[in-house]
Amino acid sequence: VQLQASGGGLVQAGGSLRLSCTASGSISSININAMEWYRQAPGKQRELVAKLTSGGSTNYADSVKGRFTTSRDNAKNTVYLQMNSLKPEDTAVYYCAADWRSLRDGTWTVGRLWGQGTQVTVSS
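Quick summary incoming for the structure in this document.

About the cut-offs
The written sequence of each chain sets the order in which its residues are numbered from 1. Restriction of local features to residues with pLDDT of at least 70 applies here, the model being predicted, together with a cutoff of 80 or more for giving and counting side-chain atom pairs; totals for whole chains, interfaces and linings are based on all residues. Side-chain calculation: all heavy atoms of the structure are included, whereas hydrogens and water are not. Between rings of Phe, Tyr and Trp, where Trp is taken as its six-membered ring, a pair exists when centres lie within 6.5 Å; planes separated by under 30 degrees are stacked, by over 60 edge-to-face, and by other angles tilted. Numbering of helices and strands runs from the N terminus; a helix is a DSSP stretch of H or I covering at least four residues, while a strand is a stretch of E covering at least two. For every residue, the accessible area (1.4 Å probe, protein chains only) is compared with the maximum for its type, and the residue is labelled buried under 20%, exposed over 50%, or partly exposed between those bounds. By definition, disulfides here are pairs of cysteine sulfur atoms that lie within 2.5 Å. Only when DSSP finds a minimum of two bridges between them are two strands counted as paired. The axes are straight lines fitted to the C-alpha atoms, using for helices just the contacting stretch, and the angles between their N-to-C directions are given from 0 to 180°.

### Focus on the packing of aromatic side chains
Inference 1: Scanning the entire structure with this criterion turns up two aromatic pairs.
Inference 2: Ring centres of Y38 and W114 lie 5.0 Å apart, and the angle between their planes is 55°; on these two criteria the pair is classed as tilted. Of this pair, Y38 sits in strand β4 (residues 31-40) while W114 sits in strand β10 (residues 107-114), placing them 76 residues apart in sequence.
Inference 3: Given the relative accessible area of 36%, W114 is considered partly exposed.
Inference 4: Geometrically, the ring pair formed by Y95 and W114 is edge-to-face, given 6.4 Å between the ring centres and 90° between the ring planes.

So, in structure tokens, the structure goes:
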């Protein structure tokens with residue numbers, strides 16, 4: 001299974017972007033427990049921005065609450081991150097990740113898949 005992130009770009013402060021993360025490959029071979037969006041700014045650690053569980057629950061970093069929304073389209077195997085009211089401090093490389101588990105021969109295996117990053121740059 002692979003994850004492909006897209007939708008980054010350059011936007012002015014106050015603008016919006018929508019990131020997409022599409023899963024492909026043998027998706028049926030795993031159970032995805034949650035999809036997550038992370039970001040990493042230059043010189044900083046990667047931080048969790050948003051999380052969407054398989055049950056539909058969402059969690060957001062305090063810094064993006066009320067501005068970012070994550071959602072999914074199961075038919076398209078795609079998760080989105082709608083980013084509104086963007087600020088220069090939102091500038092970072094954004095990554096999507098999938099927490100998965102798989103049952104084989106009576107044993108559960110868990111893991112995390114990462115998509116490639118997509119650059120988001122917010123100008124002041």
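### Looking at the state of the cysteines
Inference 1: In this structure the tally under the stated criterion is one disulfide.
Inference 2: The disulfide partner of C21 is C96, and the gap between their sulfur atoms is 2.1 Å. Given an S-S torsion of about 65°, the disulfide between C21 and C96 has right-handed geometry. Residue C21 is found in strand β3 (residues 17-24), and its partner C96 is found in strand β9 (residues 92-104); the two are separated by 75 residues along the sequence.
Inference 3: Residue C96 is classed as buried on the basis of its relative accessible area of 0%.

### Let's talk about the sheet that holds strand β8 (residues 78-83)
Inference 1: The strand order β1-β3-β8-β7 describes an open sheet built from four strands, whose pairing is antiparallel. On the outer flanks of this sheet lie β1 (2-6) and β7 (68-73), each paired with one strand and no other. Neighbour-to-neighbour, the strand axes of this sheet turn through a mean angle of 15°, independent of strand direction.
Inference 2: Both β3 and β8 contribute to a ladder of six bridges, which runs antiparallel. Counted as the bridge partner of S20 is Y80 from β8.

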